[in-house]
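Listed below are the residues making up each chain.
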Amino acid sequence: MKIKHLILSLSVLALVAQSIASDTVTVYSSRKAHLIKPLFDTFTEDTGISVKYLTGKGNALIERLKLEGKNTHADMYMTVDAGNLWYAASQDLLLPVQTKTLKNNIPQHLRDPNGFWSGLSVRARTIVYSTERVSRKDLSTYQDLADKKWDGRLCLRTSKKIYTKSLVASLIHHHGEAKTGEIISGWVDNLAATPNAKDSHIMDAILSAQCDVGLVNTYYFARLIAKKPDAALGLFWANQNTTGVHVNISGAGVTKYASNPKAAIQLLEWLSSAKAQRIYAGLNKEYPANPNVAADESISGWGVFKQDKMNLSQVGILQVRAVKLMQEKGYR
Ligand code: FE
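Draft legend 1. How the structure looks around a positive patch on the surface. A cluster of like positive charges, contributed by K32, K57, R223, K227 and K228, occupies part of the molecular surface. Looking at the element boundaries, K228 is found in the loop between α8 (218-227) and β7 (233-236). Among the residues examined, K228 registers a relative accessible area of 44% and is labelled partly exposed.

Okay, structure coming up:
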């Protein structure tokens, strides 16, 4: 009898072990492997759940999710920019997830109101300037860059980039379409050159005195300063007395047809935890989305800044209007 019990409990144990081993989450990610692998490895160590991932361009992965439909292997979609996450949700590819842990860890403005996606890191887009030709007291807001004093001195990224679309969407949200149209016209009039294809080109143009001010995501600034610590470039937190710095996210959502939604939710919650947030924000010099986690040492010297608290679903909702307005005002 005893032996029979022992055999039975051993086989139960074997079954449990097997089910843990086969517990896998599959992630489609537009974030590069070196940014996500260290996280997934740590998650596996902590939980025993293994993570498979496939990386690719954000749009291509969305198309793939659409094509695969119910047959998809993906349990989670991970990408940058709320505009992309919003689009995935609008295409009915994500599952609404509202959990206490996510609500506690991630501020409301960085999460979809319906729970389709959540921010996991914060990307701030703010003013970069020449410390040789610009005084900080002349800097203030995004809209001030439309002022005549910046005539022939401004560099901007192309309007095709989702970072630009999201920023303009936030301006529409705060100021309305007419006022935002004036700001865009002012920017276009002040441009020193045709809009740049990359944030790094904007900083190169400032360093070569082609222009004096521009807008960049701060992790590009971090990368440049790591290579050229003496570069005559400064970072200025925009709109600190008004709406706050325009922030965006990298984030993720559980897919609508996830075969392992429970483990995917567990991964999403784990990614919002203090431990994961420290690893994640440090890897790409972004800011933690969880406000209880301090910024990485390498960027904490830039100081704390007030974030724009507009809910990031707005960048998706207002994106079409932003694109149309930029076209009307000749922002290429
Ligand atoms: Fe980027």
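From this point, the discussion proceeds with the structure in view.
Draft legend 2. Quick look at the coordination of the iron ion. Of the protein atoms, only Y163 (OH), Y219 (OH) and Y220 (OH) coordinate the iron ion, at distances of 2.0 to 2.2 Å. Counting residues between consecutive donors of the iron ion along the chain gives the motif Y-x55-Y-Y. Pair noted here: Y163 is in helix α6 (residues 162-190) and Y220 is in helix α8, with a separation of 57 residues, a long-range link. Given the relative accessible area of 8%, Y163 is considered buried. By relative accessible area, Y220 is classed as buried at 18%.

Draft legend 3. Representation of helix α10 (residues 274-284) within the structure. Within α10 the residues assigned to the buried category are A276, Q277, Y280, A281, G282 and N284. Downstream of α10 by a residue or two, K285 has a phi angle that is positive, lying close to 55 degrees.

Draft legend 4. Molecular detail of the nonpolar core. Y77 and W187 are the most contacted members of the largest nonpolar core, which totals 73 residues. Of the residues forming this core, the biggest block, 10 residues, is contributed by α6. Leave out the neighbours within four places in its chain, and W187 touches Y142, L145, A146, L154, L156, L167, V168, L171, L215 and Y331. One finds I49, L120, A263 and L267 within the second-largest nonpolar core, a separate group that totals 24 residues.

Draft legend 5. Broad picture of the side chain of R125. Note on placement: R125 falls in strand β4 (residues 118-130). Reaching out from R125, the side chain makes a polar contact with the side chain of N217 at a distance of 2.9 Å. Setting aside its immediate chain neighbours within four residues, R125 contacts Y142, R157, Y163, D199, L215, V216, N217, V245 and H246.

Draft legend 6. Focus on the domain arrangement of the protein. When cut into domains, the protein gives domain 1 (2-122 + 249-295) and domain 2 (123-246 + 314-328). Placing a centre on the C-alpha atoms of domain 1 and another on those of domain 2 gives a separation of 32 Å. On the side of domain 2, 14 residues touch domain 1, which itself brings 15 residues to the contact. Of the roughly 1000 Å² buried where domain 1 meets domain 2, counting both sides, 58% is carbon and sulfur surface. Of all residues in domain 1, D81, W86 and Y287 give up the largest surface area on contact with domain 2, accounting jointly for 40% of the area buried on that side. In this assembly, domain 1 and domain 2 are joined by one salt bridge. Across the pair R123 and E286 runs a salt bridge, and its minimum N-O distance is 2.5 Å. Inspection of the domain 1/domain 2 interface yields three residue pairs in polar contact (both at pLDDT 80 or more). Only α4 (82-90), β4 and β8 (246-254) provide two or more residues apiece to the side of domain 1 that touches domain 2. Examining the composition of the side of domain 1 that touches domain 2, we find that four residues originate from one element, α4, more than from any other. Its residues assigned to classes, the side of domain 1 that touches domain 2 shows six nonpolar, five polar and four charged.

Rules used throughout
- Residues numbered from 1 in each chain as written.
- Predicted model: local features only at pLDDT ≥ 70, side-chain atom pairs only at ≥ 80, totals over all residues.
- Heavy atoms only, no water.
- Patch = residues over 30% accessible without salt bridge, like charges linked within 9 Å, V, L, I, M, F, W, Y side chains within 5 Å.
- Areas by Shrake-Rupley, 256 points an atom, 1.4 Å probe, with all protein chains shown as cover.
- Salt bridge = Lys/Arg side-chain N within 4 Å of Asp/Glu carboxyl O.
- Lys, Arg positive; Asp, Glu negative; His and termini not counted.
- Charge placed at Lys NZ, Arg CZ, Asp CG, Glu CD.
- Helix = DSSP H or I, 4+ residues; strand = E, 2+ residues; numbered from the N terminus.
- Buried < 20%, exposed > 50% of the residue type's maximum accessible area, 1.4 Å probe, protein only.
- Donors = N, O, S within 2.8 Å, 3.2 Å for Na, K, Ca; no water.
- Core = buried A, V, L, I, M, F, W, Y, C linked by side-chain atoms within 4.5 Å.
- Contact = heavy atoms within 4.5 Å.
- Polar contact = N/O pair within 3.5 Å; in protein donor to acceptor, adjacent residues only side chain to side chain.
- Domains from an automatic or database assignment.
- Buried area = accessible area lost by both parts, 1.4 Å probe.
- Nonpolar A, V, L, I, M, F, W, Y, C, P; charged D, E, K, R; others polar.

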